[in-house]
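Summary of structural features
Single-letter residue listing:
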Amino acid sequence: MAESGEALGTVPEHERILQEIESTDTACVGPTLRSVYDDQPNSHKKFMEKLDACIRNHDKEIEKMCNFHHQGFVDAITELLKVRTDAEKLKVQVTDTNRRFQDAGKEVIVQTEDIIRCRIQQRNITTVVEKLQLCLPVLEMYSKLKEQMSAKRYYSALKTMEQLENVYFPRVSQYRFCQLMIENLPKLREDIKEISMSDLKDFLESIRKHSDKIGETAMKQAQQQKAFSVALQKQNNVKFGKNMYINHDRIPEERSEIVLRHVLEEEDENEEEGDEETFENYYRKQRKKQARLVLQPQSSMGYGFPVNRLFDLLFEIRDQYNETLLKKWAGVFRDIFEEDNYSPIPIVSEEEYRIVTSKFPFQDPDLEKQSFPKKFPMSQSVPHIYIQVKEFIYASLKFSESLHRSSTEIDDMLRKSTNLLLTRTLSSCLLNLIRKPHIGLTELVQIIINTTHLEQACKYLEDFITNITNISQETVHTTRLYGLSTFKDARHAAEGEIYTKLNQKIDEFVQLADYDWTMSEPDGRASGYLMDLINFLRSIFQVFTHLPGKVAQTACMSACQHLSTSLMQMLLDSELKQISMGAVQQFNLDVIQCELFASSEPVPGFQGDTLQLAFIDLRQLLDLFMVWDWSTYLADYGQPASKYLRVNPNTALTLLEKMKDTSKKNNIFAQFRKNDRDKQKLIETVVKQLRSLVNGMSQHT
């Protein structure tokens with residue numbers, strides 16, 4: 001009786017366990033099954049019997065449902081077979097109708113295209129006419145400006161410039177010719193200023209040349225005016241008594257008019273700006289100097305007197321002369337850079353080798369041992385620049401020698417002017433060259449090599465100045481040449497441009513990517529765009545072998561990191577809504593090619609797998625999805641020794657949600673396949689756990 005009572009009590013318990021197994025998530029089945037084994041010894045056997053009975057009941061229900069729907073399925077197949085014949089006939093008729101429509105519409109299409117082309121041409125002509133009507137007044141005004149400049153009507157030209165800037169240019173500022181005109185106006189203003197200054201100098205020189213005659217004429221006129229004033233005063237004294245009372249009331253009015261005139265003159269003077277003030281100050285300064293020269297005795301009487309003012313003038317002229325030289329050599333450097341082909345200098349004979357080394361102090365024993373033909377590492381601009389720097393030193397020396405200064409002072413002048421040439425003129429030309437858009441990666445590499453050799457040649461320039469002035473470089477007050485900082489800054493700018501242009505080129509290749517994110521299976525080979533990119537990187541890094549090791553390594557690491565970041569952004573793009581496992585596998589093949597490229601040591605000098613670490617974030621993320629090792633990831637998250645330490649939970653959650661949406665849409669009959677149903681449940685479970693992990697991180701932050 002006790003056993004039968006226990007059995008009766010066990011049956012409802014087994015039914016409850018079966019209901020709980022059928023209704024709850026599979027992740028919670030363990031504790032439920034454990035309760036079966038924790039009961040009486042025979043409960044397991046009875047539970048299995050109950051489970052078998054339940055399975056048989058479900059099988060009967062499934063069989064009934066299949067039998068119930070079988071006849072309908074057979075009827076549907078029969079109807080489809082009947083319809084197929086009619087569908088084939090309909091397909092033939094539709095195809096024939098479509099062909100006849102296509103034949104009939106070909107002529108209409110041709111005429112329509114002709115009409116569209118004519119309409120487009122008509123619209124373009126109308127647009128061109130409108131734009132030309134808008135541009136013609138600007139061109140007419142600019143032509144008028146050129147005519148005024150040619151006729152030396154500079155004041156009118158300045159007024160025309162103001163009208164162009166304030167009225168005409170804003171209407172057509174979007175056109176390139178307008179930008180060129182705008183850029184040319186400051187040069188025209190500077191030309192007017194220089195011409196006016198030259199005319200003023202000529203005027204002042206003419207005054208100095210004819211000062212004797214001008215003074216004589218002025219004194220004669222002053223004497224005549226004085227005699228005329230004395231006679232007039234005598235006549236006025238007779239009438240003074242009569243008109244004193246009449247004019248008494250007019251004196252305040254005359255004084256007020258005089259005061260008002262002075263006020264207006266002061267206001268007019270306050271309104272003058274810019275170049276007028278510059279010319280006025282220059283005029284006063286030159287007149288003062290001329291006055292000093294007039295007051296100074298003749299050269300035959302100049303012994304024992306100070307000549308500091310004369311030397312100040314000469315030094316000022318020397319500074320202006322150096323500025324003129326710097327402007328001239330800036331144009332020379334620009335011409336040299338424009339004519340350079342930015343490739344190593346080829347030589348085929350000993351004579352050519354000696355010609356180059358006679359122009360530029362190059363020493364390389366390894367290159368001398370090589371047989372002809374061979375190449376210098378620098379391009380043609382390097383010896384030309386070196387020669388022009390020496391020519392500048394000669395030109396600066398020609399003026400300094402006439403100052404009758406000591407050798408030490410001349411040495412200091414030459415070194416300072418040469419430093420200005422290197423740090424200001426040549427440096428500016430180099431930076432402008434580096435920033436030009438047509439300068440590519442190969443040219444930038446050659447520029448870095450060129451600056452290295454120019455920097456090494458600075459010591460020879462110092463020796464050149466020393467040989468001219470006979471002043472030793474070990475002298476305490478000797479100025480050093482600043483070539484090191486000049487060419488170092490240019491190299492840094494060129495290196496930055498290399499990194500930028502290399503990343504831009506990588507972006508151009510990545511934009512060609514065309515992944516099928518819903519593919520079921522991978523292609524079995526890497527994507528074409530990526531293989532083209534890797535081949536490009538291999539070829540460009542071969543050019544980098546001539547660069548200093550650190551620069552080449554930095555460029556290679558920067559390129560790999562940028563490529564890794566671009567690929568990661570492609571996966572996490574917000575516009576990408578679905579990703580299949582086949583697409584992930586295809587993407588993994590591409591990342592494998594990137595890792596093989598990094599391990600092939602495209603640039604020597606990397607230690608171990610340093611370069612491969614650029615793709616470590618992608619590798620760990622893809623391994624997690626390829627192996628589907630979520631239990632390890634969630635269990636070891638935050639541990640220093642975690643296998644997936646570089647995988648961010650937010651990143652993993654984003655990618656997993658895209659894969660979850662794909663699984664839902666592709667697996668329409670997933671509820672009838674247990675494996676797909678289990679995989680979908682696992683994805684949903686991992687998504688929940690990742691969300692809780694991300695929320696916990698945000699709350700902690």
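Above this text is the structure in question.
Residues numbered from 1 in each chain as written. Predicted model: local features only at pLDDT ≥ 70, side-chain atom pairs only at ≥ 80, totals over all residues. Heavy atoms only, no water.

**Points about the overall build of the protein**
Helix and strand counts for the protein stand at 23 helices and 2 strands. Residue burial in the protein is summarised as follows: out of 701 residues, 31% are buried. A separation of at least 24 residues holds for 77% of the contacts in the protein among residues at least 6 apart in sequence. Here the protein has roughly 46400 Å² of accessible surface; of this, 54% comes from carbon and sulfur atoms. (Helix = DSSP H or I, 4+ residues; strand = E, 2+ residues; numbered from the N terminus. Buried < 20%, exposed > 50% of the residue type's maximum accessible area, 1.4 Å probe, protein only. Contact = heavy atoms within 4.5 Å. Areas by Shrake-Rupley, 256 points an atom, 1.4 Å probe, with all protein chains shown as cover.)

**Considering the nonpolar core**
Within the largest apolar cluster, 116 residues are counted, with the highest numbers of intra-cluster contacts made by Phe-333, Ile-498, Leu-502, Phe-541, Phe-544, Phe-587 and Trp-630. Broken down by element, the residue count for this core peaks at 12 residues, all from helix 18 (residues 549-571). With near-sequence residues (within four places) excluded, Phe-333 lies in contact with Ile-385, Gln-388, Val-389, Leu-421, Thr-425, Leu-426 and Cys-429. Grouped together as the second largest cluster of nonpolar side chains are 18 residues, Tyr-154, Val-172, Cys-178 and Leu-185 included. (Core = buried A, V, L, I, M, F, W, Y, C linked by side-chain atoms within 4.5 Å.)

**Concerning unusual backbone geometry**
With an omega of -5 degrees, the peptide bond running from Phe-372 to Pro-373 counts as cis. Turning to its location among the elements, Pro-373 is positioned in the loop between helix 11 (365-369) and strand 2 (374-375). The phi angle at Lys-152 is positive, at roughly 60 degrees, despite the residue not being glycine. Its place among the elements puts Lys-152 in the loop between helix 3 (43-150) and helix 4 (154-168). One non-glycine residue, Trp-628, adopts positive backbone phi at about 60 degrees. You can see Trp-628 is positioned in the loop between helix 20 (616-627) and helix 21 (630-636).

**Focus on the packing of helix 13 (residues 407-434) against helix 15 (residues 458-469)**
Contact geometry for helix 13 and helix 15: axes closest at 10 Å, N-to-C directions at 155 degrees. It follows that helix 13 is roughly antiparallel to helix 15 by the angle criterion. Note on packing geometry: the crossing formed by helix 13 with helix 15 is right-handed. Here Ser-407, Ile-410, Asp-411, Leu-414, Arg-415 and Thr-418 of helix 13 lie close against helix 15, whose contacting residues are Glu-462, Ile-465, Thr-466, Ile-468 and Thr-469. Across the contact of helix 13 with helix 15, the residue classes tally to 4 nonpolar, 4 polar and 3 charged. (Axes fitted to C-alpha atoms, helices over the stretch in contact; angles between N-to-C directions. Parallel < 35°, antiparallel > 145°, perpendicular 65-115°, else oblique. Left-handed = near helix turned anticlockwise from the far one by under 90°. Nonpolar A, V, L, I, M, F, W, Y, C, P; charged D, E, K, R; others polar.)

**Notes on the state of the cysteines**
Tallied over the entire structure, the rule returns 0 disulfides. As a non-bridged cysteine, Cys-560 has Cys-556 as the owner of its nearest cysteine sulfur, 4.5 Å distant. (Disulfide = S-S within 2.5 Å.)

**Some remarks on the side chain of Thr-418**
Mapped onto the elements of the fold, Thr-418 is located in helix 13. Under the relative-accessibility criterion, Thr-418 is labelled buried at 0%. For Thr-418, the side chain forms a polar contact with the main-chain oxygen of Leu-414, separated by 2.6 Å. Contacts of Thr-418, omitting those with residues within four sequence positions, involve Val-389, Phe-392, Ile-393, Ile-465 and Leu-481. (Polar contact = N/O pair within 3.5 Å; in protein donor to acceptor, adjacent residues only side chain to side chain.)

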